[in-house]
Amino acid sequence: MDLKRTHYIGNLNASLKGQKVIIGGWVEDLRELGKLTFLTLRDVTGVAQIVVIGDEGIKQVKDLNRQSVVRITGTVQETKARDFPFEVKSEKIEILSRAVHPLPIDPIGRLESNIDNRLNARALDLRNQKTASIFKIRHHALQSIRKTLADLGFIEVNTPKIIGSASEGGANLFSLKYFDKQAYLAQSPQLYKEQLTLGLERVFEISSFYRAEKSHTVRHLTEFTSVDIEADFMDYLDVAEVLETVVKNVFEHVEKNCIEEQKILGIDIKKPTAAFEKITYKQAIEELGREGLGLVEGDDLQDSHLRKLGEIHPGFYFLIDWPMKLKPFYIHEKEDNPSLSKSFDLQYGYLELSSGGRRLHDPSKIRARLVEQGLNPSQFEDHLRAFDWGMPPHSGWGLGLDRLMSVLTKIDNVREVVLYPRDPERLFP
Ligand code: ATP
Ligand code: MN
């Protein structure tokens, strides 16, 4: 059976008048008008009006449910319809797949469905043009990130997600049975990407990572997509600059390439032009102090503090130079003040998008920090061995892609920008 189409609907136009075309897609609407039936047919690129004339064709579509899949052979012709610049007069209709009625959600979005019902019918939810637009934008964002990093000399890598020992401490790890051994799902590529700078210098990875955290927020998932980089011969502010370029290029690329999607979502994406402000942890504490939120230096910023900072700084900004004691064992201290770290978070208002910093590359310092944090250096020997093989000084960051997508699309809940989100309650579909 021939399934080929001659055109995507988006590639049809009025200048093809008189031409025979074969198109295919989903019946979005169906109206009988005496001796005519009008179908609205949608594929991933657009929507077209189909006119069905003649007893046989009309009989075929008479009981056809919306969202059924058809292939139409017909001719492009002028139309009287106001919403369409042309129509296709059907000469042959092949019904390829029948949809049930009623469907679990209205994919056109005329009837609003709540997020749980939509996620339970996610494949169908993608027929909603708003949902489809989110994932088209996500595709373009990923394309832009890959291009920016490759242009800067970063090599894309894939590190294991099944790991034999807890990489960064151990809390928050999902464990799994690996035949007769105990294994875990990776929470980040941290240790691998650091090791890889020794051979590939600048690496990046875009992948799912896993955190066994019972968070019930709109910004946490148990499985999320992270963009990670690690680069040798770069200090922490050098990789912060790479991050700023990556984020700005995403905005620019999506602004230019997703015009229709922005219209459908009712958003206007604009590349941020100003340099991202750099605020030290110390300055942030002082700002919060002036707002009556007293913090002692060394305290971690809680949600309420970040909310307040977000009010003061609504856009993108870096929070830099965090106290060493708040940072993981692999983070490098500031040479001029060893109680502070060469670290940064990229924030969008209250929302943390990324954490990064300069890493220790002296293995004796790493061992000391592991002990300081109550971790056992012998469990990290596989990792630490590499530090005796010519480990260059290096820095890097991890950027939450789902959170970046929520900023880009102005949708608060990350579940909306992930196809099949996983959270403590949601394991299906
Ligand atoms: P948070 O404090 O918001 O829980 P974190 O500091 O624990 O985040 P990092 O370990 O710094 O997270 O991870 C780097 C980035 O990955 C974060 O800045 C965030 O954008 C993203 N990220 C981390 N955990 C999650 C999660 N559970 N769901 C979605 N994104 C996440
Ligand atoms: Mn962080």
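It should be noted that the structure appears before, not after, this text.
In this text, all values refer to a predicted model and were calculated from it rather than measured experimentally.

Engineer: Can you help me understand the packing of aromatic side chains in this one?
Structural biologist: Here the distance between the centres and the angle between the planes together describe a pair of aromatic rings. Considering all chains together, one arrives at nine aromatic pairs under this definition. With a centroid separation of 5.0 Å and an interplanar angle of 65°, the aromatic rings of Y178 and F179 are classed as edge-to-face. Taking 5.2 Å as the distance between ring centres and 70° as the angle between the ring planes, the aromatic pair formed by F329 and F380 counts as edge-to-face. Of the two residues, F329 is situated in the loop between β13 (316–320) and β14 (333–334) and F380 in the loop between α10 (363–372) and α11 (381–385); the sequence distance between them amounts to 51 residues. Three or more aromatic residues link up through ring pairs in this structure, and these residues are F251, F276, F316, F318, F344 and Y348.

Engineer: What exactly am I supposed to notice about the sheet that holds strand β5 (residues 87–97) here?
Structural biologist: Sheet strands pair by backbone hydrogen bonding; their relative direction is either parallel or antiparallel. The sheet built from five strands closes into a barrel, its strands ordered β1-β2-β3-β5-β4 with mixed pairing. The sheet shows a mean angle of 50° between the axes of neighbouring strands, taken without regard to direction. Relative to β5, strand β3 (residues 46–53) is paired through three bridges, and the arrangement is parallel. Opposite V51, over in β5, you have K89 as the bridge partner.

Engineer: Before we go on, may I ask you to explain the coordination of the manganese ion (ligand 2) in this structure?
Structural biologist: Angles at a metal have ideal values that depend on geometry: 109.5 degrees with four tetrahedral donors, 90 or 180 degrees with six octahedral donors. In this structure, E352 (OE) and S355 (OG) serve as the protein donors to the manganese ion (ligand 2), at separations of 2.2 Å. Judged by its relative accessible area of 29%, E352 falls in the partly exposed class. Of the residues examined, S355 reaches a relative accessible area of 28% and is grouped as partly exposed.

Engineer: Got a minute to help me understand helix α12 (residues 401–409) in this structure?
Structural biologist: Because an α-helix packs 3.6 residues into every turn, residues spaced three or four apart end up facing the same way. Most of α12 sits out of view: nine of its nine residues are buried. Burial in α12 covers these residues: L401, D402, R403, L404, M405, S406, V407, L408 and T409. Just downstream of α12, K410 is the residue with a positive phi angle, here 55°.

Engineer: Can you help me understand the site of ligand 1 in this one?
Structural biologist: Every residue lining ligand 1 is accounted for by R211, R219, H220, L221, F224, E352, L353, S354, S355, G398, G400 and R403. At 2.9 Å, a side-chain N or O of R211 approaches an oxygen atom of ligand 1. The contact in question runs from a nitrogen atom of ligand 1 to an N or O atom on the backbone of L221, over 2.8 Å. In isolation ligand 1 offers 590 Å² of accessible surface; the protein chains occlude 79% of this area. For the shell around ligand 1, the elements supplying multiple residues, two or more each, are β17 (351–358) and β18 (394–400). Here the shell around ligand 1 takes four residues from β17, the largest share from any one element. When the residues that make up the shell around ligand 1 are grouped by side-chain class, the tally is three nonpolar, five polar and four charged.

Rules used in this analysis
- Residues numbered from 1 in each chain as written.
- Chains lettered and ligands numbered in written order.
- Predicted model: local features only at pLDDT ≥ 70, side-chain atom pairs only at ≥ 80, totals over all residues.
- Heavy atoms only, no water.
- Phe/Tyr/Trp six-rings, centres within 6.5 Å; stacked < 30°, edge-to-face > 60°.
- Helix = DSSP H or I, 4+ residues; strand = E, 2+ residues; numbered from the N terminus.
- Pairing = 2+ DSSP bridges.
- Axes fitted to C-alpha atoms, helices over the stretch in contact; angles between N-to-C directions.
- Donors = N, O, S within 2.8 Å, 3.2 Å for Na, K, Ca; no water.
- Buried < 20%, exposed > 50% of the residue type's maximum accessible area, 1.4 Å probe, protein only.
- Near = heavy atom within 4 Å.
- Polar contact = N/O pair within 3.5 Å; in protein donor to acceptor, adjacent residues only side chain to side chain.
- Areas by Shrake-Rupley, 256 points an atom, 1.4 Å probe, with all protein chains shown as cover.
- Nonpolar A, V, L, I, M, F, W, Y, C, P; charged D, E, K, R; others polar.

Treat this as a map of the structure, not an account of what it does.
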